[in-house]
Amino acid sequence: MRVLSMKSEMIRLVKGSCLIYTILEYVVSVTLCQGPSMQPTIEGQRDIVILNKLHVTLNKPLHCNDIVVLHSPINPAVSLCKRILYKQADFNRSESRVIPSVADALNTRSEDGRMMKNGCWVEGDNKQNSTDSRHYGMISESLIYAKVSFRIYPFDQFGWIS
């Protein structure tokens, strides 16, 4: 009877662990932002934010001015927090509102000569202290894995992030 109880508890523990892993990997997670590139919107080394991973998991559209977390196009092991300024789809609809240097980058073709279908131009809010699309060009939307939705610390700035 004691063995059966231990087995039952182990099954519950494994199920609970799987549920927690799934939630943190695909739904939502909490992170401490580091670095100055998104100041003053997000203060590096201080702000704790909620990452909405479900938005990306469900392939919901991302929009200009969304703050996102992505894998660095230079080193995929590094995560970056940036704001989407332009999307390839928006550029295709209205070229006139895009500044020339960005327009050139958005028109850049991949190595095999095809246009990037889901490209984004991302930049940090702190232009003087941000490595972003101005350095590495347009990024593939597939590098984005979360949308920054909510600040939980500091408490005096608790709320939605825009």
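## Quick notes on the layout of surface pockets
Then, number 1: Approximately 380 Å³ is the volume found for the largest pocket.
Then, number 2: What lines the largest pocket is a set of 23 residues, among which Cys33, Gln34, Ser79, Leu80 and Cys81 lie closest to the centre.
Then, number 3: Elements with a minimum of two residues in the lining of the largest pocket: strand S1 (28-32), strand S2 (48-52), strand S4 (79-87) and strand S7 (144-153).
Then, number 4: With four residues, S4 is the single largest residue contributor to the lining of the largest pocket.
Then, number 5: Here the lining of the largest pocket is composed, by residue class, of 12 nonpolar, nine polar and two charged.

## Section: a nonpolar patch on the surface
Then, number 1: A surface patch of nonpolar side chains, about 420 Å² in accessible area, is lined by Leu19, Ile20, Ile23, Leu24 and Val28.
Then, number 2: Of all the elements, helix H1 (residues 2-27) adds the most residues to the nonpolar patch, at four residues.
Then, number 3: With respect to the secondary-structure elements, leucine 19 resides in helix H1.
Then, number 4: Residue leucine 19 is classed as exposed on the basis of its relative accessible area, which comes to 53%.

## Digging into the confidence of the model for the chain
Then, number 1: With 80% of its residues at a pLDDT of 70 or more, the chain shows a mean pLDDT of 83.
Then, number 2: When pLDDT is averaged over each helix and strand of the chain, the minimum, 53, is found for helix H4 (residues 100-106) and the maximum, 95, for strand S3 (residues 67-71).

## Quick word on unusual backbone geometry
Then, number 1: Here the residue pair glutamine 39 and proline 40 is connected by a cis peptide bond, since its omega of 5 degrees sits within 30 degrees of zero.
Then, number 2: Tracing the chain through its elements places proline 40 in the loop between S1 and S2.
Then, number 3: For the peptide bond that leads from tyrosine 153 to proline 154, omega is 5 degrees, which places it in the cis range.
Then, number 4: Looking at the element boundaries, proline 154 is found in the loop between S7 and strand S8 (159-160).
Then, number 5: Not every positive phi belongs to a glycine, and asparagine 59 is a case in point at roughly 60 degrees.
Then, number 6: Among the structural elements, asparagine 59 can be located in the loop between helix H2 (54-57) and S3.
Then, number 7: The exposure class assigned to asparagine 59 is exposed, which follows from its relative accessible area of 70%.
Then, number 8: The phi dihedral of asparagine 65 falls on the positive side, at around 80 degrees, and the residue is not glycine.

## Notes on the pattern of salt bridges
Then, number 1: Under the criterion given, the structure shown has nine salt bridges.
Then, number 2: For glutamate 9, the salt bridge is made with arginine 12, and the minimal N-O distance between the two is 3.1 Å. Taken as a pair, glutamate 9 and arginine 12 lie in helix H1 at a separation of three residues, close to a single helical turn.
Then, number 3: In this structure glutamate 9 comes out as partly exposed when scored by relative accessible area, which is 44%.
Then, number 4: Each of Glu123, Lys127, Asp132 and Arg134 takes part in salt bridges that share partners, so that together they form one network.

## A look at the state of the cysteines
Then, number 1: One pass over the full model with this rule turns up zero disulfides.
Then, number 2: Cysteine 33 supplies the cysteine sulfur nearest to cysteine 81, a cysteine that is in no disulfide, at a spacing of 5.1 Å.
Then, number 3: We classify cysteine 81 as buried; its relative accessible area is 16%.

Definitions and limits used
- Residues numbered from 1 in each chain as written.
- Predicted model: local features only at pLDDT ≥ 70, side-chain atom pairs only at ≥ 80, totals over all residues.
- Heavy atoms only, no water.
- 1 Å grid on protein atoms, 1.4 Å probe; cavity = no way out; pocket = protein on both sides within 12 Å on 5 of 7 lines; lining within 4 Å.
- Points joined across faces, edges and corners; volume = space filled by probe spheres on them.
- Helix = DSSP H or I, 4+ residues; strand = E, 2+ residues; numbered from the N terminus.
- Nonpolar A, V, L, I, M, F, W, Y, C, P; charged D, E, K, R; others polar.
- Patch = residues over 30% accessible without salt bridge, like charges linked within 9 Å, V, L, I, M, F, W, Y side chains within 5 Å.
- Areas by Shrake-Rupley, 256 points an atom, 1.4 Å probe, with all protein chains shown as cover.
- Salt bridge = Lys/Arg side-chain N within 4 Å of Asp/Glu carboxyl O.
- Buried < 20%, exposed > 50% of the residue type's maximum accessible area, 1.4 Å probe, protein only.
- pLDDT = per-residue confidence, 0-100.
- Disulfide = S-S within 2.5 Å.

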